[in-house]
Amino acid sequence: MASKFPLAPRLLLLCSVLTLWPQLAAAQTEPTTITQVCTPKVTSNVVVASAKQRSDAGQRAQPPITDTYNGFAWPDTPLGVIKTANGYQFFGSDGGSHSRQMWRGEWVGNNKSGSVVTTLGTLSDPLGTGNPLDVSVLPNPDPAVSSDYPSYGYVGGGPVYQVPAGMTGAGNLLVTYHAELPNDALYAALGLAASSDNGIHWTDLGEIIRLNQAYAVGLDGFEIGDGPLVLSPDGKYFYLYFPDWIANGTLHTINASGVSTTTDVSVARAPVDSVLEAAFGSSRPHAVPFEKFYEGSWHLQPAIGGASSDLSPNSAYQGYLDIHYNNAIQRYVMIISNDTMFGYAESVDALHWTSPVLLGTFGPIAAYPTAVGLGDDPHILGNVFYVYFTYLPSEGWKGGLLRRLTVTCQ
């Protein structure tokens, strides 16, 4: 994910739904220690989208891709997965640039990198045989909602939430998108986009999370990721996890004392009902304000630029975060990727986490982990679940693969 080129090539340079959700006890705010109950074991590591399959899919993509350098740079974010009557629907960003073009009587593309790609396939073949729908996130009709949109060089997402029956916007989709301000480093934010036609069009609802460190040219590169919306234990809030950069008065992530000022795991939240009503029940679709969890409390720090606490300060793994509920062990599960190694952690209340343990080393570049359950709801995990990730060799997207781990809880 990047304004000038997708994140994975940049990493080579840096070396570096509600339907069956459990109703758990209210989240605690006092310190607590929990013991991990699952011993995860990787039982297979297979290719589910080869370089040739990706290239062939890019030739079929609609609207036609316009990036002749990166080609079909998919998936450049974690995936969103929905089970359908005939298989599975997958969502992920094509990190290539998307030039404005006329297609089937309408203007498409936004002259930015990133998109939301929709494919129909199976858990063993996410690309399927059809034409990928490669759609840019377009600005909100209300310029005030999309005030930051013109400054982005990249807007792309994959993690989707499908609104359950009986709620505002039932059947519609929300996607968490990753947006980047174009400069000489990587400064990113998180936003929401909505689709009421199953991913044919996506409309920006606005930015919802920004780093505590203010934007400035010359900043160190720092990756905020692109995680899924996660329901809180009481089902009343959307949680969204991300690493944060706590402002330190410099352009660097290491302060004058040599101490890192970034968090490994931070979280923000907003009420589910308010988010859905604003997105799908309003004549002016928009995102509602989120708030960051800070020093054991909510309501103190806005998610746009506020400070946050580190939920996993002693983690040996930092990077992309993917969180889902595991019904078999009655806990939330976190998969962490530092682009080479994957870590695994658990939580009862979605705020206090076990110290991450090593799941495995899958590099040289292994990014964007997405855990997927094998039951009726792919967002809910079981004793056996999959973890998809983008694998890139030294030549970057040309040889890029989508791989899948099988993880068994012992």
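Residues numbered from 1 in each chain as written. Predicted model: local features only at pLDDT ≥ 70, side-chain atom pairs only at ≥ 80, totals over all residues. Heavy atoms only, no water.

## Description of the overall build of the protein
To keep it simple, the criterion reads: Secondary structure follows DSSP: runs of H or I at least 4 residues long count as helices, runs of E at least 2 residues long count as strands, and numbering of each begins at the N terminus. Buried means the residue's accessible area, taken with a 1.4 Å probe over protein chains only, is under 20% of the maximum for its type, while exposed means over 50%, and partly exposed covers the values in between. Each accessible area value is a Shrake-Rupley result obtained with a 1.4 Å probe; residue values ignore everything except the protein chains displayed when judging cover. All tallies of charge rest on Lys and Arg as positive and Asp and Glu as negative; His and the ends of each chain are not included. A charge is said to be at NZ when it belongs to Lys, at CZ for Arg, at CG for Asp and at CD for Glu.
Tallying secondary structure elements over the protein gives three helices and 26 strands in all. The principal-axis extent of the C-alpha atoms belonging to the protein is close to 55 × 45 × 45 Å. Here the protein, with 410 residues, has 60% of them falling under the buried criterion. Accessible surface for the protein amounts to roughly 15,300 Å². Of this, 53% is attributable to carbon and sulfur atoms. Across the protein, the 19 positively charged side chains and the 33 negatively charged ones have centroids separated by 7 Å.

## Some remarks on the sheet that holds strand β18 (residues 291-294)
Let me state the cut-off plainly: For two strands to be treated as a pair, DSSP must find no fewer than two bridges joining them. We call two residues in contact when some of their heavy atoms are within 4.5 Å. Angles run from 0 to 180 degrees between N-to-C directions of axes, and those axes are lines fitted to C-alpha atoms, restricted for helices to the stretch in contact.
Pairing is antiparallel in the open sheet, where five strands are placed in the order β15-β16-β17-β18-β19. Looking along the sheet, the strands with just one partner apiece sit at the ends: β15 (230-231) and β19 (297-302). Lying on the sheet, helix α3 (residues 272-280) is in contact with β15, β16 (237-242) and β17 (266-271); it crosses β17 at an angle near 65 degrees.

## Section: the pattern of salt bridges
When their charged atoms lie close together, side chains carrying opposite charge are able to pair. Put simply, the rule is: Basic side-chain nitrogens of Lys or Arg form a salt bridge, by our definition, when they fall within 4 Å of a carboxyl oxygen of Asp or Glu.
Taken as a whole and assessed by the stated rule, the structure comprises eight salt bridges. Lys83 is the salt-bridge partner of Asp376, the closest N and O atoms lying 3.7 Å from each other. Remark: Lys83 occurs in strand β2 (residues 80-84) and Asp376 occurs in the loop between β23 (357-372) and β24 (380-381); sequence separation between them is 293 residues. Between Arg210 and Asp148 there is a salt bridge; the shortest N-O distance is 3.9 Å. Taken together, the residues span a long stretch of sequence, with Arg210 in strand β14 (residues 202-210) and Asp148 in the loop between β10 (137-138) and β11 (154-162) at a distance of 62 residues. The class for Arg210 is buried, based on a relative accessible area of 15%. Salt bridges sharing common partners tie together Asp148, Glu207 and Arg210.

## Quick notes on the pairing of β18
Sheet analysis places β17 next to β18, joined by two bridges and oriented antiparallel. Opposite Ala268, over in β18, you have Lys292 as the bridge partner. With three bridges joining them, β18 and β19 adopt antiparallel strand pairing. Paired with Lys292 across the strands is Gln301, a residue of β19. Counted along the chain from β18 to the antiparallel partner β19, the turn is two residues long, and its residue Glu295 has a positive phi close to 50 degrees.

## Quick look at the state of the cysteines
To keep it simple, the criterion reads: To count as a disulfide, a pair of cysteine sulfur atoms needs to be within 2.5 Å.
Evaluation of the coordinates by the stated rule reveals one disulfide. Disulfide pairing places Cys38 opposite Cys409 at an S-S distance of 1.8 Å. Pair noted here: Cys38 is in the loop between α1 (7-14) and β1 (40-49) and Cys409 is in strand β26 (residues 401-409), with a separation of 371 residues, a long-range link. Here the two residues Cys38 and Cys409 agree in accessibility, since each one is buried.

## Focus on the sheet that holds strand β21 (residues 331-337)
Strands sit in the order β1-β26-β25-β23-β22-β21-β20-β24 across an open sheet of eight strands; the sheet is mixed. Sheet topology places β1 and β24 at the edges, where each strand pairs with a single neighbour. With five bridges joining them, strand β22 (residues 339-347) and β23 adopt antiparallel strand pairing. Each residue of the ladder has a partner; that of Asp339, found in β23, is Ala366. Along the sheet face, helix α2 (residues 51-60) touches β1 and β26 and points at about 45 degrees away from the line of β1.

## Overview of the side chain of Thr119
Put simply, the rule reads: Residues adjacent in sequence count toward polar contacts only when both atoms are side-chain atoms; beyond that, a polar contact is any pair of N or O atoms within 3.5 Å, and within protein one must be able to donate a hydrogen and the other to accept it.
As for its placement among the helices and strands, Thr119 is situated in strand β8 (residues 116-121). Separated by 2.8 Å, the side chain of Thr119 and the backbone oxygen of Pro126 make a polar contact. Excluding anything up to four places from it in sequence, Thr119 contacts Tyr88, Gln89, Phe90, Pro126, Leu127 and Pro132.

## As for the nonpolar core
Note on soluble globular proteins: their nonpolar side chains tend to be buried together. Definition in use: What makes a nonpolar core is a set of buried Ala, Val, Leu, Ile, Met, Phe, Trp, Tyr and Cys residues whose side-chain atoms join them at distances within 4.5 Å.
Ranked by internal contacts, the top residues of the largest apolar core, which has 50 residues, are Leu174, Trp202, Ile209, Phe238, Val275, Leu276 and Phe290. For this core, the secondary-structure elements that each account for two or more residues are β9 (133-135), β11, β12 (173-182), β13 (186-195), β14, β16, β17 and α3. The residues touching Leu276, leaving out its near neighbours within four places in the chain, are Tyr161, Val163, Met167, Thr168, Leu174, Phe238 and Gly281. By size, the runner-up hydrophobic cluster in this structure holds 20 residues, among which are Tyr237, Val265, Met334 and Ile336.

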